Amino acid sequence: NPNLSNIELLPRLIAYCSEESEMYVKKIADLLFVQLRILPTDETYSLQGETVKTAVINDISQGLVPIFLCVNFGTVSSTAIDDLAQIGPLCKKYKIWCHVDASYGGCSLLCEEMRPLCKGLEFADSFNTDADKWCLAHDGVSCLWVKDRKKYCSAFMTASPYPKPEDVNLLYNR
């Protein structure tokens, strides 16, 4: 609802991840004061589209606003891969940011034979992989891809209260 103020909207925001997701997702949700719904996985530790759909529909009916979903591609605990081919279209339909956490399994996509495991990748708004997991890179080397660079970068933009050098030049060089 575009008529809601930020103060009214913040308590309604909700993000999703599976019980197999890394704990950083919970930490970020806590930092941003966004509710996080941790969804159950199936017997293969994968998050399925029907689980996501049920949660999203239920939350919307309760007045919540889904904004983010973390999909796993190779969890550290079990190497589970969530069903992005089912989940991705749901994210698109409900305008939920779809982040693929491929920190553990992402580097496997360098191998052509592994690529079919990541069906639905075209629905991802962002994709993260850690080169230190499989590529023998130094610890902490992480690569992030975002579909819409402008949308992502604008989240970090701020308007400064003081004049920038180019603004000052415009004033004096009229």
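The structure reproduced in this document is the subject of the present report.

About the criteria used
- Residues numbered from 1 in each chain as written.
- Predicted model: local features only at pLDDT ≥ 70, side-chain atom pairs only at ≥ 80, totals over all residues.
- Heavy atoms only, no water.
- Helix = DSSP H or I, 4+ residues; strand = E, 2+ residues; numbered from the N terminus.
- Buried < 20%, exposed > 50% of the residue type's maximum accessible area, 1.4 Å probe, protein only.
- Areas by Shrake-Rupley, 256 points an atom, 1.4 Å probe, with all protein chains shown as cover.
- Pairing = 2+ DSSP bridges.
- Axes fitted to C-alpha atoms, helices over the stretch in contact; angles between N-to-C directions.
- Contact = heavy atoms within 4.5 Å.
- Expected span 1.5 Å × (residues − 1).
- Arc of directions from axis to C-beta.

Side note on the overall build of the chain
- The helix and strand tally for the chain stands at seven helices and six strands.
- Along the chain, from the amino end to the carboxyl end, the secondary structure elements read α-β-α-β-α-β-α-β-β-α-β-α-α.
- Here the chain holds 174 residues, and 34% of them are scored as buried.
- For the chain, the exposed area adds up to about 11,400 Å²; of that, 59% sits on carbon and sulfur atoms.

As for the sheet that holds strand β5 (residues 126–130)
- Here we have six strands laid out as an open sheet, ordered β2-β1-β3-β4-β5-β6, and mixed in their pairing. The open sheet has two edge strands with one neighbour each: β2 (35–39) and β6 (142–146). Pairs of neighbouring strands in the sheet enclose a mean axial angle of 20 degrees, with direction left out of account.
- One ladder, built from four bridges, connects strand β1 (residues 13–18) with strand β3 (residues 65–72); its direction is parallel. Residue Ile14 lies in a different strand from β3, and its bridge partner there is Pro66.
- Most of the contacts of helix α2 (residues 24–32) go to β2, to which it runs at about 155 degrees, and overall it touches β1, β2, β3 and β4 (97–101).

Brief notes about the environment of Val76
- With respect to the helices and strands, Val76 occurs in the loop between β3 and α4 (84–94).
- Overall, the relative accessible area of 44% leaves Val76 in the partly exposed class.
- As for Val76 and Ala102, which are separated by 26 residues in sequence, their C-alpha atoms are 9.7 Å apart.

Things to note about helix α3 (residues 49–61)
- Over its 13 residues, α3 extends 18 Å from the first C-alpha to the last, a length consistent with the 18 Å expected when each residue adds 1.5 Å.
- Every buried residue of α3 is listed here: Gly49, Val52, Ala55, Val56 and Asp59. Around the axis of α3, the buried residues are gathered within 135 degrees of arc, so they sit on the same side. Away from its buried face, by an angle of more than 90 degrees, α3 presents the exposed residues Glu50 and Ser61.
- Along its buried surface, α3 packs onto β1, β2, β3 and α4.
- Following α3 by one or two positions, Gly63 adopts a phi angle in the positive range, close to 90 degrees.

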